[in-house]
Amino acid sequence: SVIGAFTGLTSVTYAFTVLRQPHLLRWFLVYTVASGCAIGGVAVWSMHFVGMQALSLRTCAGDLVPIHFNVALTIVSLVAACAIGTVVCYLVTPSAR
């Protein structure tokens, strides 16, 4: 999650730099999406996914409770995390709107 946060914040810094140079404005969306995916997908989503993989539950009798993940729902949650991260990164850039 540290690497994702570092990558996302570095990409947002590049997005700020691109906004100051009119001939590079086409790269603004690229940096915004990259930072949103890095922060939402790599940092937050992967940390929660690894945490859920590490979870083990036991019954009162001591038997393990089987935990299964739906692949489609897992991918949808990754896409949602990336999309929300991209929207947030777009909203925090001061002159993007």
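In the block above lies the structure referred to throughout.
Residues numbered from 1 in each chain as written. Predicted model: local features only at pLDDT ≥ 70, side-chain atom pairs only at ≥ 80, totals over all residues. Heavy atoms only, no water.

Q: Can you break down the overall build of the protein chain residue by residue, with the values?
A: Regarding its fold elements, the protein chain presents three helices and two strands. Taken from the N to the C terminus, the helices and strands of the protein chain come in the order α-α-β-β-α. Since a compact globule built from 97 residues should have a radius of gyration of about 13 Å, the 18 Å found for the protein chain marks it as more spread out than a globular shape. With the C-alpha coordinates aligned to their principal axes, the bounding extent of the protein chain is approximately 65 × 25 × 15 Å. Buried positions account for 24% of the 97 residues belonging to the protein chain. When contacts within the protein chain are restricted to residue pairs at least 6 apart in sequence, those whose partners lie at least 24 apart make up 63%. A total of about 6,700 Å² of accessible surface is found on the protein chain, and carbon and sulfur atoms cover 75% of it. (Helix = DSSP H or I, 4+ residues; strand = E, 2+ residues; numbered from the N terminus. Rg over C-alpha atoms; globule rule 2.2 N^0.38 Å. Buried < 20%, exposed > 50% of the residue type's maximum accessible area, 1.4 Å probe, protein only. Contact = heavy atoms within 4.5 Å. Areas by Shrake-Rupley, 256 points an atom, 1.4 Å probe, with all protein chains shown as cover.)

Q: Break down the environment of I39 for me, with residues and values.
A: Position of I39 among the secondary structure elements: in helix α2 (residues 28-54). Residues I39 and A5, spaced 34 residues apart in sequence, show a C-alpha to C-alpha distance of 5.3 Å. Contacts of I39, omitting those with residues within four sequence positions, involve G4, G8, L9, V44 and C89.

Q: Give me the lowdown on the environment of A38, citing residues and values where you can.
A: Among the structural elements, A38 can be located in helix α2. Take A38: its relative accessible area is 7%, and that puts it in the buried class. Ignoring sequence-local partners within four residues, the contact set of A38 consists of G4, T7, G8 and A43.

Q: I'd like a rundown of the packing of aromatic side chains, residues and numbers included.
A: Any aromatic ring pair is given by two values, namely how distant the centres are and how the planes are angled relative to each other. The final tally for this structure, using the stated rule, is three aromatic pairs. Considering the side-chain rings of W45 and F49, the 5.1 Å spacing of their centres and the 10° angle between planes classify their relative orientation as stacked. Here W45 and its partner F49 are both found in helix α2, four residues apart, which amounts to about one turn of the helix. Taken together, the aromatic side chains of W45, F49 and F69 make up a single cluster linked through ring pairs. (Phe/Tyr/Trp six-rings, centres within 6.5 Å; stacked < 30°, edge-to-face > 60°.)

Q: Go over the packing of α2 against helix α3 (residues 71-92), please, and point to the residues and values.
A: Between α2 and α3, the least distance of the axes is 7 Å, while the angle of their chain directions is 130°. When the axis of α2 is compared with that of α3, the two are oblique. The way α2 lies across α3 gives a crossing that is right-handed. Where α2 abuts α3, its residues F28, T32, V33, S35, G36, C37, I39, G40, G41, W45 and F49 lie against T74, S77, L78, A81, C82, G85, T86, C89 and Y90. Broken down by class, the residue content of the contact of α2 with α3 amounts to eleven nonpolar, nine polar and no charged. (Axes fitted to C-alpha atoms, helices over the stretch in contact; angles between N-to-C directions. Parallel < 35°, antiparallel > 145°, perpendicular 65-115°, else oblique. Left-handed = near helix turned anticlockwise from the far one by under 90°. Nonpolar A, V, L, I, M, F, W, Y, C, P; charged D, E, K, R; others polar.)

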